[in-house]
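Observations on the model geometry
The lines below spell out each chain.
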Amino acid sequence: MAEEQSQIPEMSFEQALRELEGVVRRLESGDVPLDESIDLYERGEQLRKACQARLDAAQARIEKIVAGSDGKPTGTEPFDAGASA
């Protein structure tokens, strides 16, 4: 399980989301033994956190779009991941 968790940061958003959907399907099926369900839940939580972090970063980048006086985008500013909002 530790090896699987170390692979999450290398996954694309789409890969992590697909795997998360698979985990949810397996848990919802009710056909998984309790111990495996717990492991799946932990894996799903790690995948959810990774997906949420990528979505948050994308949202922050979108919010950096600079709007002109007419409200239309005039350019972008670099996203500073270390800065707080």
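Since this is a predicted model, take the numbers as computed values, not measurements.

A look at the overall build of the protein
- Helix and strand counts for the protein come out as three helices and two strands.
- Helices (α) and strands (β) of the protein occur, in sequence order from the N terminus, as α-α-α-β-β.
- Going through the 85 residues of the protein one by one, you find that 15% of them count as buried.
- Residue pairs in contact within the protein that sit at least 24 positions apart in sequence constitute 48% of those at least 6 positions apart.
- Carbon and sulfur atoms form 52% of the exposed surface of the protein, whose accessible area is close to 6500 Å².

Topic: helix α3 (residues 34-63)
- With 30 residues, α3 ought to run about 44 Å at 1.5 Å a step, and its terminal C-alpha atoms sit 43 Å apart, in line with that.
- All buried positions along α3 are accounted for by S37, L40, R43, G44, L47, A50 and C51.

Regarding the packing of helix α2 (residues 13-29) against α3
- The N-to-C vectors of α2 and α3 enclose an angle of 150 degrees; their axes lie 9 Å apart at closest approach. Between α2 and α3, the angle falls in the class roughly antiparallel. Where α2 crosses over α3, the handedness of that crossing is left-handed. Of the residues in α3, those touching α2 at F13, A16, L17, E19, L20, V23, R26 and L27 are E36, S37, L40, Y41, R43, G44, L47, R48, C51, R54 and L55.
- Looking at the contact of α2 with α3 residue by residue, the classes come out as 11 nonpolar, two polar and six charged.

A few points about the pattern of salt bridges
- In the structure shown here, the tally under the stated rule is three salt bridges.
- A salt bridge links R43 to E19, with the shortest nitrogen-to-oxygen separation between them at 2.7 Å. Of the two residues, R43 is situated in helix α3 and E19 in helix α2; the sequence distance between them amounts to 24 residues.
- Residue R43 is classed as buried on the basis of its relative accessible area, which comes to 4%.

Criteria and cut-off values
Residues numbered from 1 in each chain as written. Predicted model: local features only at pLDDT ≥ 70, side-chain atom pairs only at ≥ 80, totals over all residues. Heavy atoms only, no water. Helix = DSSP H or I, 4+ residues; strand = E, 2+ residues; numbered from the N terminus. Buried < 20%, exposed > 50% of the residue type's maximum accessible area, 1.4 Å probe, protein only. Contact = heavy atoms within 4.5 Å. Areas by Shrake-Rupley, 256 points an atom, 1.4 Å probe, with all protein chains shown as cover. Expected span 1.5 Å × (residues − 1). Axes fitted to C-alpha atoms, helices over the stretch in contact; angles between N-to-C directions. Parallel < 35°, antiparallel > 145°, perpendicular 65-115°, else oblique. Left-handed = near helix turned anticlockwise from the far one by under 90°. Nonpolar A, V, L, I, M, F, W, Y, C, P; charged D, E, K, R; others polar. Salt bridge = Lys/Arg side-chain N within 4 Å of Asp/Glu carboxyl O.

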